[in-house]
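Here's the letter readout for the chains.
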Amino acid sequence: KLRGFRSFRVKAENVYTEQLDTLGSKVDNKVLAASGLVSSEYVRVKLLFRGEVSKKVDVQLQAASVNAVESIQKAGGSFTAVPRPMRPAKSRTSAT
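Participant: How should I be thinking about the side chain of serine 65 in this particular structure?
Facilitator: Inspection of the secondary structure puts serine 65 in the loop between strand E5 (63–64) and helix H2 (66–74). Residue classification places serine 65 among the buried positions, given a relative accessible area of 18%. Residue contacts for serine 65: discarding those within four places in its chain leaves Lys46, Leu47, Leu48 and Phe49.

Okay, here's the thing in structure tokens:
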């Protein structure tokens, strides 16, 4: 038996403010997954402050640090907290 507690909660993947300049004016999970910054569009993403944002960006992610939000707003952009996108439900087909 293993000792201790192991959480099954999936950790958030981190994206940094300096990486936002390479993306378009609207950033969400789909854009980050398409650019390869996160593994999938269905993961939880947190925006962290590292480097300045030089253009106006509208960010819609699950979480962000206070300094990252201030940096986005200073550049004229906005941050909106949205729930994690859910995977589409698999359709069940009955084999009768």
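That covers the picture; the talk isn't over yet.
Participant: How do you make sense of the sheet that holds strand E6 (residues 78–81) when you look at a structure like this?
Facilitator: Consider a sheet: its strands pair through backbone hydrogen bonds, and that pairing is either parallel or antiparallel. In space, the three strands of this open sheet follow the order E2-E4-E6, with parallel pairing throughout. The open sheet has two edge strands with one neighbour each: strand E2 (26–27) and E6. Pairing between E2 and strand E4 (residues 58–61): two bridges, direction parallel. Counted as the bridge partner of lysine 26 is aspartate 58 from E4.

Participant: Teacher, can you tell me more about the sheet that holds E5 here?
Facilitator: With respect to topology, three strands assemble into an open sheet ordered E1-E3-E5, the strand pairing being parallel. Single-partner strands in this sheet number two, and they are strand E1 (13–16) and E5. Summarising the sheet, strand E3 (residues 45–48) and E5 pair through two bridges and their orientation is parallel. Within the sheet, the bridge partner assigned to lysine 46 lies in E5 and is alanine 63.

Participant: I keep staring at the environment of threonine 22 and nothing clicks. Help me out?
Facilitator: Tracing the chain through its elements places threonine 22 in the loop between E1 and E2. In the structure, threonine 22 is positioned 10 residues away from leucine 32 in sequence and 11 Å away in space, judged by C-alpha atoms.

Participant: Would you mind showing me how to read the pattern of salt bridges here?
Facilitator: Two side chains with opposite charge may pair up if their charged atoms get near one another. Going through the model one piece at a time under the given rule, you end up with two salt bridges. Arginine 50 is the salt-bridge partner of glutamate 18, the closest N and O atoms lying 3.3 Å from each other. Taken together, the residues glutamate 18 in the loop between E1 and E2 and arginine 50 in the loop between E3 and E4 connect sequence positions 32 residues apart. Looking at glutamate 18, the relative accessible area reads 38%, which means it is partly exposed. Residues aspartate 28 and lysine 26 are paired through a salt bridge, measuring 3.7 Å at the closest nitrogen-oxygen approach. You can call aspartate 28 buried: its relative accessible area is 17%.

Criteria and thresholds
Residues numbered from 1 in each chain as written. Predicted model: local features only at pLDDT ≥ 70, side-chain atom pairs only at ≥ 80, totals over all residues. Heavy atoms only, no water. Helix = DSSP H or I, 4+ residues; strand = E, 2+ residues; numbered from the N terminus. Buried < 20%, exposed > 50% of the residue type's maximum accessible area, 1.4 Å probe, protein only. Contact = heavy atoms within 4.5 Å. Pairing = 2+ DSSP bridges. Salt bridge = Lys/Arg side-chain N within 4 Å of Asp/Glu carboxyl O.

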